[in-house]
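Inside the fold
Below, each chain spelled out in residue letters.
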Amino acid sequence: MRNPPAGPIEIVGNSWRIYAIGEIDADAGKRLEAFLKENKIPEKSTLALDSPGGSLFGGITLGRVIREAGLFTYVGKKSTKPDDLIQPGECYSACALAFLGGQFRWVNPPSEYGVHRFNSRAKGDIDVAQVVSAAIVQYIRDMVSIRACLMQ
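Computed from a prediction, not measured in an experiment: that's the story for all the values here.

Quick look at unusual backbone geometry now. Backbone torsion omega between proline 109 and proline 110 reads 10°, so that peptide bond is classified as cis. Phi at lysine 40 is positive, roughly 50°, even though this residue is not glycine. Tracing the chain through its elements places lysine 40 in the loop between α2 (28-39) and β3 (46-50). Residue classification places lysine 40 among the exposed positions, given a relative accessible area of 70%. Residue lysine 44 is not a glycine yet carries a positive backbone phi of 65°. We classify lysine 44 as exposed; its relative accessible area is 54%.

Here is the structure:
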């Protein structure tokens, strides 16, 4: 779902408000990248995330696409009320990693943002756990150079 600018660019600017809902799969980053190019979405547009999570590496890829596009991220979803733009949302697991891709990011209470330990299908494989942990740590390091804000 998307909302292009609703007025003259000279007055309201040219940023978009994009709503991303649902589970994150391995191709989420590719789909977002194609959407951004097809619609010529400008930097500093906002991407609302509302997701229970999904693919760990899909979340990392999505976050890198978000960062490359210069988007802002927040946790929320589109309101059904015409005068209320944002409703609380949730962002867990792989969504928490994608969220970090935002140039500027925020969570308005009572939206929820949750991080947990990743799950691997390869039970007991310490090598896999170390490689995945290293990839997550490097991704977080790459993303923390930009500020985050928790509204209270």
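Structure's up, so let's keep going.
Glancing now at the packing of α2 against helix α3 (residues 56-69). As a packed pair, α2 and α3 sit with axes 7 Å apart at the nearest point and diverge in direction by 25°. As far as their axial angle goes, α3 and α2 are roughly parallel. Crossing geometry of α2 relative to α3 is assigned as right-handed. Where α2 approaches α3, its residues Ala28, Gly29, Leu32, Glu33 and Leu36 are matched on the opposing element by Thr61, Leu62, Val65, Ile66 and Ala69.

According to the stated counting rule, one finds 4 aromatic pairs in the structure shown. One aromatic cluster is present, built from ring pairs that chain together Phe72, Tyr74, Phe104 and Trp106.

Under the defined criterion, the tally for this structure stands at 1 disulfide. In this model cysteine 91 forms its disulfide with cysteine 95; the gap between the sulfur atoms is 2.1 Å. Residues cysteine 91 and cysteine 95 share a disulfide whose torsion about the S-S bond is about -105°; that sign makes it left-handed. For cysteine 91, a relative accessible area of 0% gives the class buried.

So, how was this worked out
Counting restarts for each chain: residues are numbered from 1 in the order of the written sequence. In keeping with the model being predicted, local features are shown solely for residues with a pLDDT of at least 70 and side-chain atom pairs are shown and tallied solely at 80 or more, while totals for entire chains, interfaces and linings include all residues. Excluded from the side-chain calculation are hydrogens and water; included are all heavy atoms of the structure. For helices the rule is a DSSP run of H or I covering at least 4 residues; for strands it is a run of E covering at least 2, with both sets numbered from the N terminus onward. Summary of the burial criterion: residues with accessible area below 20% of their type's maximum are buried, those above 50% are exposed, and those between are partly exposed, where the area comes from a 1.4 Å probe applied to protein chains only. Fitted lines through C-alpha atoms give the axes, limited to the stretch in contact for helices. The angle between two N-to-C directions lies from 0 to 180 degrees. Roughly parallel here means an angle under 35 degrees, roughly antiparallel means over 145, roughly perpendicular means 65 to 115, and every remaining angle is called oblique. Note: crossing handedness is left-handed where the near helix turns anticlockwise from the far helix by less than a right angle, and right-handed where it turns clockwise. Residues count as neighbours in contact if any of their non-hydrogen atoms are within 4.5 Å of one another. Two aromatic rings, drawn from Phe, Tyr or Trp (for Trp, its six-membered ring), form a pair once their centres lie within 6.5 Å of each other, and the interplanar angle then sorts them: stacked below 30 degrees, edge-to-face above 60, tilted otherwise. Pairs of cysteine sulfur atoms within 2.5 Å are what we label disulfides.

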